[in-house]
Amino acid sequence: MSNRLLIGYGSHTGQAESISKALAERATAVGLVPEIRTLNDIEKELDLTTESFIVIVVSSTGDGDAPENSARFLRRISRKGLKEDHFKGLTYALLGLGDSNYSTYQGVPIKMDHQLSFLGATRVLERGEADDQVGLELTVEPWIDKLFNEELNTRFSIDESRLAAAFSSKITLGEAKTAEEKERIMEEWKARAKSEESVEGETTVSPISSISSLSLVDFDYPVGASVRSGADKISGDPNLRVPIAPLPYIKGTLGRSIFRGGNDLPWQNDAPMPGVISTKPLNAVVVSHSILTSLDEALIKPKRELIFELTEADLAYEPGDAFYITPQNDEAEVNFVLERLGCLSTADNEYELSIDPTTTKPCATLPNYLPVKSSLRHLFTYCLDIRRAPGRPLLRFLADSATDGGEKRRLLELCSAQGVNEFTSYVRQVGVG
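Quick notes on the overall build of the chain
Then, in step 1: Helix and strand counts for the chain come out as 13 helices and twelve strands.
Then, in step 2: Taken across its 433 residues, the chain has 37% of its residues classed as buried.
Then, in step 3: Taking all contacts inside the chain whose residues are at least 6 apart in sequence as the whole, residues at least 24 apart take part in 77%.
Then, in step 4: For the chain, the accessible area works out to roughly 24800 Å², and carbon and sulfur atoms hold 50% of it.

Structure representation (structure tokens):
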């Protein structure tokens, strides 16, 4: 049997594409040959009726429409006149991404699943339903584990040593969150949001200058489970299932000269932002920031109102249009991060990025939002999100660099399959960074 693995995705903001690429990397690690395409490209360039298996990762937009790069595929398989055995012989696994804040949650994945099944295709794995409101990783990682261990391992007879290397130690897979557990997390999030705001019905104006800057603070960690120490069940588990560490592939070369071309560099290296029709950025100044505390029951995050002063007077927009906001990082916070990294003294020197010739990462390319030549100060000011809560891949990377045994163990716990709940509670939801 061929070891080719067909992966199709439909992505609006880039999440489904990123997951598909990560899935492809893991497939390569176990000896498969992944072929990754958008669903539209698959419909256009391949005959899916002749395929035996496909993995699909697809999301829904807020309006319930299919992402642009999968809309044609969905229309084609929804045509009237197709026979009920059109995809007879095709098997598939489908992972859906969505946001339960919207009434159309999982609309496209469900419709695609039903239509493929109606046309004779056979789903070989329970459809994954990942919810961005409670953390996509709560479903994505257990679903991928099952895909490899229960389906691909049988289908392709994957070598056990390769599977073990790609997925670390073999233990019982973590299950996706049930509806009851998701509801509990949402209720806890709602309660936290309400407690942080003022009395219901009031509007609290929060000056931008009042937002605290990044800094080191002393903190007394509570006894028991916290970001610093895990519950007994996880801290005593000798078989943590941790993801493989991200493969390093970017090489940075520091020059001696001061970089003076910052004003000539386009914002985000002129890279298109996910889901944005126009790639031309607009300069704007935030003139007012208000927190609206009359939370709708369907929302689990505080509502905020930002008022901007736009420099381009000819901007045309309609009610319902969405703006993507990319702020410039605060200079003091950038200096704080650079100093912690030991790079402040050379932050303004020329810094050139390239692909490390020794990397083993397949198909390695520089992220398109990073300029090849700039400075560390430019990268940390305009290209990187330094306030984002660290993700599990970063914790996995930090674990390899930790010199303290206890800290290394805790980092591995937080990025492990067993530690998904603790990562969500102590890192992702509270915004530890």
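Comments concerning the packing of aromatic side chains
Then, in step 1: In total, this model carries zero aromatic pairs according to the counting rule given.
Then, in step 2: The ring of phenylalanine 53 has arginine 155 sitting right over it, with the charged end atom 4.2 Å from the ring centre.
Then, in step 3: When the ring centre of tyrosine 249 is taken as origin, the NZ or CZ atom of lysine 361, which lies over that ring, is 5.0 Å away.

Here's the deal with the packing of helix H9 (residues 331–340) against helix H10 (residues 376–383)
Then, in step 1: Interaxial distance between H9 and H10 falls to 10 Å at its minimum, and their mutual angle equals 130°. Taken together, the axes of H9 and H10 lie oblique to each other. Viewed along their axes, H9 and H10 form a crossing whose handedness is right-handed. Contacts between H9 and H10 involve Val334, Asn335, Val337 and Leu338 from the former and Leu376, Arg377, Phe380 and Thr381 from the latter.
Then, in step 2: A class-by-class count of the residues in the contact of H9 with H10 yields five nonpolar, two polar and one charged.

Comments concerning unusual backbone geometry
Trans is the prevailing form of peptide bonds, just as negative phi is the prevailing case for residues other than glycine.
Then, in step 1: Positive phi values are uncommon outside glycine, yet glutamine 106 reaches one of about 65°.
Then, in step 2: For glutamine 106, the position within the fold is in the loop between strand E4 (91–98) and helix H4 (107–118).
Then, in step 3: A relative accessible area of 1% means that glutamine 106 is categorised as buried.

Remarks on the sheet that holds strand E12 (residues 373–374)
Hydrogen bonds between backbone groups are what pair the strands of a sheet, and the pairing can be parallel or antiparallel.
Then, in step 1: Ordered by their spatial adjacency, three strands build an open sheet running E8-E11-E12, and the pairing between neighbours is antiparallel. Each edge of the open sheet carries a strand with a single partner, namely strand E8 (250–258) and E12.
Then, in step 2: Summarising the sheet, E8 and strand E11 (residues 349–355) pair through six bridges and their orientation is antiparallel. Looking across to E11, one finds that leucine 254 is bridged to tyrosine 351.
Then, in step 3: Relative to the sheet, H10 contacts E11 and E12, its axis offset from that of E11 by approximately 70°.

Quick word on helix H13 (residues 420–428)
Then, in step 1: Those residues of H13 that sit buried are Val420, Glu422, Phe423, Thr424 and Val427.
Then, in step 2: Turning to H13, the residues buried within the fold contact helix H5 (137–156), helix H8 (232–235), helix H11 (392–401) and helix H12 (405–414).

Digging into the pattern of salt bridges
Then, in step 1: Per the counting criterion, the structure on display carries 21 salt bridges.
Then, in step 2: Here glutamate 35 and arginine 4 are joined by a salt bridge, their closest N and O atoms 2.6 Å apart. With a gap of 31 residues between them, glutamate 35 in strand E2 (residues 33–38) and arginine 4 in strand E1 (residues 4–10) connect regions that are remote in the sequence.
Then, in step 3: Taking relative accessible area as the criterion, arginine 4 reaches 30% and is therefore assigned partly exposed.
Then, in step 4: Note that arginine 392 is salt-bridged to glutamate 141, the shortest N-O span being 2.7 Å. Note that arginine 392 is positioned in helix H11 and glutamate 141 in helix H5, a separation of 251 residues in sequence.
Then, in step 5: Among the residues examined, arginine 392 registers a relative accessible area of 4% and is labelled buried.

The rules behind the values
- Residues numbered from 1 in each chain as written.
- Predicted model: local features only at pLDDT ≥ 70, side-chain atom pairs only at ≥ 80, totals over all residues.
- Heavy atoms only, no water.
- Helix = DSSP H or I, 4+ residues; strand = E, 2+ residues; numbered from the N terminus.
- Buried < 20%, exposed > 50% of the residue type's maximum accessible area, 1.4 Å probe, protein only.
- Contact = heavy atoms within 4.5 Å.
- Areas by Shrake-Rupley, 256 points an atom, 1.4 Å probe, with all protein chains shown as cover.
- Phe/Tyr/Trp six-rings, centres within 6.5 Å; stacked < 30°, edge-to-face > 60°.
- Lys NZ or Arg CZ within 6 Å of the ring centre and 35° of its normal.
- Axes fitted to C-alpha atoms, helices over the stretch in contact; angles between N-to-C directions.
- Parallel < 35°, antiparallel > 145°, perpendicular 65-115°, else oblique.
- Left-handed = near helix turned anticlockwise from the far one by under 90°.
- Nonpolar A, V, L, I, M, F, W, Y, C, P; charged D, E, K, R; others polar.
- Pairing = 2+ DSSP bridges.
- Salt bridge = Lys/Arg side-chain N within 4 Å of Asp/Glu carboxyl O.

In short, geometric facts, not functional conclusions.
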